[in-house]
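Below, each chain spelled out in residue letters.
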Amino acid sequence: MNWNDARFFLALARASTLRGASRVLNVDQATVGRRVDALERALKATLFLRTSEGYILTAAGEAALDAAEKMERASHELQRRIDGLDGRPSGLVRIASTDSLSVDFVIPAIAQLHQQYPDVRVEIKSGTETINLAKREADIAIRTIKPENPDLLVRRLASWPYGLFASRQYLQRQGIPTPGTGFVGHDIVAFQGHLDGAQPYYLANERVQVERIVASANSSLLMRKALAAGLGLGEIPVRMGVLDGLVQVWMERTRAQNYDVWLVTHKDLRHTARVNRVIEFLGEAFEPQSRPSA
C-alpha cells in the first residue's frame, strides 16, 4: 500500500460512504470507488463490506486501517519537520479560532501583519470544533481550553474576567436589575451551552428564573450581537463588552474563573519564520493596551 492509495482508503473508512469520502478528497465518487477497488485487487483482500448503510470495514480492512493511520502520521510529521526548517517569512499559515476572537483580534492582527510581510498568506478557520494540529488541520489554534498534549507549544494570550452587560438602550428602557430578585422584570440572553446541562442558570452569581430567558446563543459572537441589539442582560468577557460599547452592570460581581485564551501550535513549527511572525502579531493584538479595529 502506498500513501496515495492509503488516502482514499482512509477517507472511505472514516466517512463510510463514497459521497462523504469524495467531499473530503475533493474528487468524484467514481474515482474513490475505482481507487479502493484497485487497492483491494493489489492487496488481494476485501477491505470493505458494501451494504445499504455504507462501507463497513472487514477484519482485513481493520488491519489495513491501523497501517494506513501510521502512514498518515508519518506523512504529517514529515511535512511538519520540513515546514519547521523553513526560514522564509512567506507562504500559507492556517489559523483556527472562534468567530468572536477571529473578528476582533485575529483579523486586525493579520491586517497589521500584511503591511510588513505581504508574502505571508493566512487562512482563517472559524468554529468551536477541536482542530487537530498533529494532522496539520491548522498551524495555529486559538482556544479557550488549554490543551495537555506535550507535543504542543501553548501560550496564554489573555485572561479576562466575565461581567454582566447590556446595551444602553436596554438599560434606559428596563433600568438596572436589583440584586437578589432573580432578575424579575428583566430579559436574559443565555449561553446555550450552560442551559444544555439542565442545571440552575446563574448570571453574576444570581440565579435566573427560566422564564426570564428570552434568547440563547451557542457562540460568543452571537451573544454579543444579541446584547448589542438590546435583547436583554447577559454575561460575556469584560474585554469584549468594552469593545462592543456595552454597559457593565454589577461590576463587583464576576465569575470565579476567567475567560482564558490560549495560542497553540505544534512544536515542530517553532522555527518556521512565517508561523512565528503570525504568532508575534497575534500576541500584540491581545495585549491589554491594544484596541483592535474592524
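To be clear, the structure that these remarks concern was listed above.
Definitions and limits used
- Residues numbered from 1 in each chain as written.
- Predicted model: local features only at pLDDT ≥ 70, side-chain atom pairs only at ≥ 80, totals over all residues.
- Heavy atoms only, no water.
- Phe/Tyr/Trp six-rings, centres within 6.5 Å; stacked < 30°, edge-to-face > 60°.
- Helix = DSSP H or I, 4+ residues; strand = E, 2+ residues; numbered from the N terminus.
- Buried < 20%, exposed > 50% of the residue type's maximum accessible area, 1.4 Å probe, protein only.
- Lys NZ or Arg CZ within 6 Å of the ring centre and 35° of its normal.
- Pairing = 2+ DSSP bridges.
- Axes fitted to C-alpha atoms, helices over the stretch in contact; angles between N-to-C directions.
- Parallel < 35°, antiparallel > 145°, perpendicular 65-115°, else oblique.
- Contact = heavy atoms within 4.5 Å.
- Nonpolar A, V, L, I, M, F, W, Y, C, P; charged D, E, K, R; others polar.
- Polar contact = N/O pair within 3.5 Å; in protein donor to acceptor, adjacent residues only side chain to side chain.
- Expected span 1.5 Å × (residues − 1).
- Salt bridge = Lys/Arg side-chain N within 4 Å of Asp/Glu carboxyl O.

## Re the packing of aromatic side chains
Argument step 1. The final tally for this structure, using the stated rule, is nine aromatic pairs.
Argument step 2. Aromatic side chains Phe9 and Phe48 sit 5.5 Å apart centroid to centroid with 50 degrees between the ring planes, which places their arrangement in the tilted category. Of this pair, Phe9 sits in helix H1 (residues 3-15) while Phe48 sits in strand S1 (residues 48-51), and the two are 39 residues apart along the sequence.
Argument step 3. Overall, the relative accessible area of 0% leaves Phe9 in the buried class.
Argument step 4. In this structure Phe48 comes out as buried when scored by relative accessible area, which is 1%.
Argument step 5. One aromatic cluster is present, built from ring pairs that chain together Phe105, Trp160, Tyr162, Tyr259 and Phe286.
Argument step 6. Across the ring face of Trp250, the terminal group of Arg253 is positioned such that the distance to the ring centre comes to 4.7 Å.

## Description of the sheet that holds strand S6 (residues 152-160)
Argument step 1. Strand order in the open sheet formed by five strands is S4-S3-S5-S14-S6, and the pairing between neighbours is mixed. Across the chains shown, the open sheet's two edge strands, defined by having one partner strand only, are strand S4 (120-126) and S6. Between one strand and the next, the sheet's axes are offset by a mean angle of 20 degrees, whatever the strand orientation.
Argument step 2. One ladder, built from two bridges, connects strand S3 (residues 91-97) with strand S5 (residues 140-143); its direction is parallel. Looking at S5, one finds that Ala96 is bridged to Ala141.

## Structural notes on the packing of helix H2 (residues 18-25) against helix H3 (residues 29-43)
Argument step 1. With their axes 8 Å apart at the nearest point, H2 and H3 run at an angle of 100 degrees to one another. In terms of their interaxial angle, H2 and H3 are classed as roughly perpendicular. Listed contacts from H3 to Leu18, Arg19, Ala21, Ser22 and Leu25 of H2 are Gln29, Val32 and Gly33.
Argument step 2. Here the contact of H2 with H3 is built from residues that sort into four nonpolar, three polar and one charged.

## Some details on the side chain of Asp260
Argument step 1. For Asp260, the position within the fold is in strand S14 (residues 259-266).
Argument step 2. With relative accessibility at 18%, the residue Asp260 sits in the buried group.
Argument step 3. Within the local environment of Asp260, its side chain forms a polar contact with the side chain of Ser159, the two groups lying 2.6 Å apart.
Argument step 4. Those residues in contact with Asp260, other than ones at most four positions away along the chain, are Arg143, Thr144, Arg156, Ala158 and Ser159.

## Here we look at helix H10 (residues 273-285)
Argument step 1. Its 13 residues place the ends of H10 19 Å apart at the C-alpha level, agreeing with the 18 Å of an ideal helix rising 1.5 Å per residue.
Argument step 2. The element H10 is largely enclosed, with a buried count of ten among its 13 residues.
Argument step 3. Every buried residue of H10 is listed here: Ala273, Arg274, Val275, Arg277, Val278, Ile279, Phe281, Leu282, Gly283 and Ala285.

## So, the side chain of Ser102
Argument step 1. Note that Ser102 resides in helix H5 (residues 99-116).
Argument step 2. Other than its neighbours up to four places away in sequence, Ser102 contacts Ser97, Ile107, Pro108, Ile124 and Ser126.

## Topic: the pattern of salt bridges
Argument step 1. Going through the model one piece at a time under the given rule, you end up with twelve salt bridges.
Argument step 2. Here Arg94 makes a salt bridge to Asp139, at a shortest N to O gap of 3.5 Å. With Arg94 in strand S3 and Asp139 in the loop between S4 and S5, this pair connects stretches of sequence that are 45 residues apart. In this pair, the class of Arg94 matches that of Asp139, namely buried.
Argument step 3. One salt bridge connects Arg224 with Asp244, and the closest N-O pair in it is separated by 2.7 Å.

## Focus: the environment of Gly182
Argument step 1. Among the structural elements, Gly182 can be located in the loop between helix H6 (168-174) and strand S8 (188-191).
Argument step 2. In the structure, Gly182 is positioned 27 residues away from Gln209 in sequence and 6.2 Å away in space, judged by C-alpha atoms.
Argument step 3. Apart from residues no more than four positions distant in its own chain, Gly182 is found in contact with Glu206, Arg207, Gln209 and Arg212.

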